[in-house]
Amino acid sequence: PPDTAALGRSTWTFLHTTASYYPQKPTETQQSKMISLLDSLSTFYPCSWCAKDFQKDMKVNPPEVKTRDDFVKWLCERHNTVNRKLGKPVFECSLGKLDGRWKDGPED
Ligand code: FAD
């Protein structure tokens, strides 16, 4: 089976970094492609219980992809939902904290 911790760290790195560089004024096409990416990810994510919970959470909290700032905050909240489920500390979903970690910050 996959190493769900390593897979999770890599996937969050991809998602938060991609959100950081998402356009501030995305076109309709870019918005629908991001929704497709998230739908596809939650369909094929190779940790079935993670995928199932992520799909449920996205149904209650649909992706906010109208601007970069909305999207990075929405994603932070989805990650915090998983953090709470796993008993991990929650992250402060401010643009300052998020950009410091994922845009201007460390590369790891
Ligand atoms: P991670 O949670 O991987 O976080 C990596 C880094 O992101 C942190 O070091 C921190 O700098 C930063 N960070 C933390 N929180 C936030 C935030 N809210 N916003 C922005 N940056 C943040 N694992 C399970 O065991 N069960 C599950 O059901 C499960 N579901 C998952 C669903 C998805 C969609 C994904 C991508 C992963 C899931 N995982 C799940 C994996 C889990 O979230 C962690 O990735 C894994 O446990 C490793 O945790 P970690 O402590 O190394 O840090």
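Look up: the structure comes first, before these words.
Residues numbered from 1 in each chain as written. Predicted model: local features only at pLDDT ≥ 70, side-chain atom pairs only at ≥ 80, totals over all residues. Heavy atoms only, no water.

**Some words on the pattern of salt bridges**
Close approach of charged atoms allows side chains with opposite charge to pair.
Move 1: What the rule picks out here adds up to 5 salt bridges.
Move 2: The shortest N-O distance in the salt bridge between lysine 85 and aspartate 53 comes to 2.5 Å. Of this pair, lysine 85 sits in helix 4 (residues 68–86) while aspartate 53 sits in helix 3 (residues 48–60); the two residues are 32 residues apart in sequence, bridging distant segments of the chain.
Move 3: Across the salt bridge formed by arginine 68 and aspartate 99, the nearest N and O atoms sit 2.9 Å from each other. Of the two residues, arginine 68 is situated in helix 4 and aspartate 99 in helix 5 (residues 95–102); the sequence distance between them amounts to 31 residues.
Move 4: Residue classification places aspartate 99 among the buried residues on the basis of a relative accessible area of 13%.
Move 5: Three or more residues joined by partner-sharing salt bridges are found here, namely Arg68, Asp69 and Asp99. (Salt bridge = Lys/Arg side-chain N within 4 Å of Asp/Glu carboxyl O. Helix = DSSP H or I, 4+ residues; strand = E, 2+ residues; numbered from the N terminus. Buried < 20%, exposed > 50% of the residue type's maximum accessible area, 1.4 Å probe, protein only.)

**Brief notes about the site of the ligand**
Move 1: Taken together, 23 residues lie around the ligand, and Arg9, Trp12, His79, Lys85 and Arg101 are the ones closest in.
Move 2: In this structure, cysteine 76 approaches the ligand through a main-chain N or O atom, which is 2.9 Å from a nitrogen atom.
Move 3: Arginine 101 has a polar side-chain atom sitting 2.8 Å from an oxygen atom of the ligand.
Move 4: Across the complex, the protein chains shield 84% of the 950 Å² of accessible surface that the ligand would expose by itself.
Move 5: Counting atoms within 2 Å of the grid points, the majority share of the ligand lands in the largest pocket.
Move 6: Taken together, the elements giving at least two residues each to the shell around the ligand come down to helix 1 (4–20), helix 3, helix 4 and helix 5. (Near = heavy atom within 4 Å. Polar contact = N/O pair within 3.5 Å; in protein donor to acceptor, adjacent residues only side chain to side chain. Areas by Shrake-Rupley, 256 points an atom, 1.4 Å probe, with all protein chains shown as cover. 1 Å grid on protein atoms, 1.4 Å probe; cavity = no way out; pocket = protein on both sides within 12 Å on 5 of 7 lines; lining within 4 Å. Sits in = over half its atoms within 2 Å of the grid points.)

**Re empty space enclosed by the protein**
Move 1: Inspection of the entire model under this criterion finds 1 cavity of 30 Å³ or more.
Move 2: Taken as a whole, the largest cavity encloses approximately 30 Å³ of empty space.
Move 3: In this structure, the largest cavity is lined by His16, Ala19, Ser20, Val72, Leu98, Asp99 and Trp102.
Move 4: Along the lines of polarity and charge, the residues of the lining of the largest cavity split into 4 nonpolar, 2 polar and 1 charged. (Points joined across faces, edges and corners; volume = space filled by probe spheres on them. Nonpolar A, V, L, I, M, F, W, Y, C, P; charged D, E, K, R; others polar.)

**As for the packing of helix 3 against helix 4**
Move 1: Look at helix 3 against helix 4: their axes get within 11 Å of each other, and the N-to-C directions meet at 130 degrees. Considering their axes alone, helix 3 and helix 4 lie oblique with respect to each other. Considering only the axes of helix 3 and helix 4, their crossing is right-handed. Here Asp53, Phe54, Asp57 and Met58 of helix 3 lie close against helix 4, whose contacting residues are Trp74, Arg78, Thr81 and Lys85.
Move 2: For the contact of helix 3 with helix 4, the per-class residue count stands at 3 nonpolar, 1 polar and 4 charged. (Axes fitted to C-alpha atoms, helices over the stretch in contact; angles between N-to-C directions. Parallel < 35°, antiparallel > 145°, perpendicular 65-115°, else oblique. Left-handed = near helix turned anticlockwise from the far one by under 90°. Contact = heavy atoms within 4.5 Å.)

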